[in-house]
Amino acid sequence: VLITGGAGYIGSTLVRKLLDLGYKVTVLDKLLFGEFPIKDLEANPDFKFIHGDILDRDLIVKTLADIDAVVNLAAIVGDAACVYQKETALHTNYLGAVDLARTCKTLCIKSFIQVSTCSVYGQIKENTVAKENSKLFPVDFYTETKIYAEKGLRELADDNFMPTILRLSTVYGLSPRMRFDLVVNNFVKKALKEKEIIIFGGKQWRPLLHVSDIAEAICLVLRSHFSKVANQIFNVGTNSENYRISELGALIKEIIPDVKIKTINDTYDKRSYKVNFDKIEKKLHFKPKKNLKDGIVEIKNATKDGKIFN
């Protein structure tokens, strides 16, 4: 299995799960955040690391020579980062993903997983739940790049190339490469370090899922019969983990009681999407092992134990 972006937040968790399952794993990553998340894997004979960019076509062709399946996690992630470097984001998230898929198609690599996001649903009406066939309503540039990539992959699909698109819930939890720009991780950090969380609005919906369960879902797709996942889009998450932002704040206060929750009602994030996950549960029997409380507690404990020192 080739994992592009395998040194990142999700990738560094996924690599370890695949190695534990007996896969031979190659990671292609340009190491924007350093090699430390995968450094300890270098001695594993089933692990191979290639320092590079998915935009390097010659390198991609060489890398794919002995690959059976590809998981594309390479991306400039989040709207702030994408707006800061628009051209790089567009080339990586959209053009790079489509070029990678096109090369896999040429080389007859059928198993291709494109990692997308539930934020493609953007802003949906109250009392509406987004399904895989729901209308997409992007409200930021990052999401637009992901929709372009989805569209490009669907246009490539035929009887010989049948990609799987995974629209992920908002991720949280501990990873070898931590991120604190994600809403749960960010709120826990602020609760522990600043003793205050500021919520803008609070009525917005978000589907949430632990990074370990995201990795489990990707493994599940790789291990499923091809007929179940070929040319399919799956929302990745569980119905019980849809939360309003205000509910997230309340749960954090329950676990970290000395935090102050400040709500600003006249400013709010336009993104609000409650998502339906029946398809992945019924078709692939996906059931998460962790919940939001687990994720909050583990970040709290890891911080207090000195495992997260920066």
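Preceding block: the structure.
These remarks concern the structure in this document. A quick note: this is a predicted structure, and the numbers were derived from the prediction, not measured.

What follows is about the pattern of salt bridges. Under the definition given, this model contains 19 salt bridges. One salt-bridge network, in which partners are shared between bridges, spans Lys17, Glu216 and Lys289.

Further remarks concern unusual backbone geometry. A negative phi angle characterises most non-glycine residues, just as the trans form characterises most peptide bonds. Phi is positive for Asn127, which is not a glycine, with a value near 70 degrees. For Asn231, which is not glycine, the phi torsion reads 60 degrees and is therefore positive. Among the secondary structure elements, Asn231 is positioned in the loop between helix H8 (226-229) and strand E10 (233-236). The class of Asn231 is partly exposed, set by a relative accessible area of 41%.

With respect to the element layout, Val184 can be found in helix H6 (residues 183-193). Distance from Val184 to Arg206, taken between C-alpha atoms, is 10 Å for residues 22 residues apart in sequence. Discounting residues that sit within four places of it in the chain, Val184 has contacts with Tyr172, Leu208, Leu248, Ile252, Leu292 and Ile296.

This next bit is on the packing of aromatic side chains. Evaluated as defined, the whole model comprises two aromatic pairs. Taking the ring centre of Phe33 as reference, the NZ or CZ of Arg177 above it sits at 3.9 Å. Its guanidinium or amino end placed over the ring of Trp205, Lys274 lies 4.4 Å from that ring's centre, counting from NZ or CZ.

A few words on the sheet that holds strand E11 (residues 242-244). Taken together, three strands build an open sheet; the order of strands is E7-E9-E11 and the sheet is mixed. Lying at the two open borders of the sheet, with one neighbouring strand each, are strand E7 (170-172) and E11. Each adjacent strand pair in this sheet contributes to an overall mean axis angle of 45 degrees, direction not counted. Sheet topology note: the strand E9 (residues 205-210)/E11 ladder contains three bridges and is antiparallel.

It is worth spelling out the sheet that holds strand E6 (residues 164-168) at this point. Spatial ordering of the open sheet is given by E3-E2-E1-E4-E5-E6-E10, a layout of seven strands whose pairing is parallel. Looking at the sheet topology across the chains shown, the edges are occupied by strand E3 (47-51) and E10. Strand-to-strand twist in this sheet, taken as the mean axis angle between neighbours without regard to direction, amounts to 20 degrees. Of the pairings in the sheet, the one linking strand E2 (residues 25-29) to E3 comprises five bridges and is parallel in character. Across the sheet, Leu28 pairs through a bridge with Ile50, a residue of E3. Each of strand E1 (2-4), strand E4 (69-72) and strand E5 (111-117) touches helix H4 (residues 86-106); the most contacted strand, E5, lies at about 165 degrees to it.

What follows covers the environment of Asn239. Within the secondary structure, Asn239 sits in the loop between E10 and E11. Take Asn239: its relative accessible area is 33%, and that puts it in the partly exposed class. Beyond its immediate chain neighbours, meaning those up to four positions away, Asn239 contacts Val275, Asn276, Phe277 and Asp278. In this structure the side chain of Asn239 is engaged in a polar contact, spanning 2.9 Å, whose partner is the side chain of Asp278.

In terms of burial, H6 is a largely internal element, eight of the eleven residues being buried. Considered for burial, the residues of H6 that qualify are Val183, Val184, Asn185, Asn186, Phe187, Val188, Ala191 and Leu192. Check the buried side of H6 and you find it contacts E7, strand E8 (196-200), E9, helix H9 (245-255) and helix H11 (292-304). Among the residues trailing H6, Lys195 stands out with phi positive, at a value near 60 degrees.

So, about the side chain of Thr4. Note on placement: Thr4 falls in strand E1. Look at Thr4 and you get buried, because its relative accessible area is 0%. Contact partners of Thr4, with chain neighbours within four places excluded, come to Leu28, Ile54, Val71, Asn72, Leu73, Ala74 and Leu100.

A few words now on the packing of helix H1 (residues 11-20) against helix H7 (residues 211-223). When two helices pack together, their arrangement is given by the angle between their axes and by how far apart the axes lie. Two elements in contact, H1 and H7, have axes separated by 9 Å at closest approach and are oriented at 50 degrees. When the axes of H1 and H7 are compared, the pair comes out oblique. H1 and H7 meet at a crossing whose hand is right-handed. From H1, Thr13, Leu14, Lys17 and Leu18 reach across to H7, where they touch Val211, Ser212, Ala215, Glu216, Ile218, Cys219 and Leu222. Of the residues contributing to the contact of H1 with H7, the split by class is seven nonpolar, two polar and two charged.

Let us now look at the state of the cysteines. Counted by the stated rule, this structure contains zero disulfides. The cysteine Cys104 is free of any disulfide, with Cys108 supplying the nearest cysteine sulfur at 11 Å. A relative accessible area of 0% places Cys104 in the buried class.

Parameters and conventions
- Residues numbered from 1 in each chain as written.
- Predicted model: local features only at pLDDT ≥ 70, side-chain atom pairs only at ≥ 80, totals over all residues.
- Heavy atoms only, no water.
- Salt bridge = Lys/Arg side-chain N within 4 Å of Asp/Glu carboxyl O.
- Helix = DSSP H or I, 4+ residues; strand = E, 2+ residues; numbered from the N terminus.
- Buried < 20%, exposed > 50% of the residue type's maximum accessible area, 1.4 Å probe, protein only.
- Contact = heavy atoms within 4.5 Å.
- Phe/Tyr/Trp six-rings, centres within 6.5 Å; stacked < 30°, edge-to-face > 60°.
- Lys NZ or Arg CZ within 6 Å of the ring centre and 35° of its normal.
- Pairing = 2+ DSSP bridges.
- Axes fitted to C-alpha atoms, helices over the stretch in contact; angles between N-to-C directions.
- Polar contact = N/O pair within 3.5 Å; in protein donor to acceptor, adjacent residues only side chain to side chain.
- Parallel < 35°, antiparallel > 145°, perpendicular 65-115°, else oblique.
- Left-handed = near helix turned anticlockwise from the far one by under 90°.
- Nonpolar A, V, L, I, M, F, W, Y, C, P; charged D, E, K, R; others polar.
- Disulfide = S-S within 2.5 Å.

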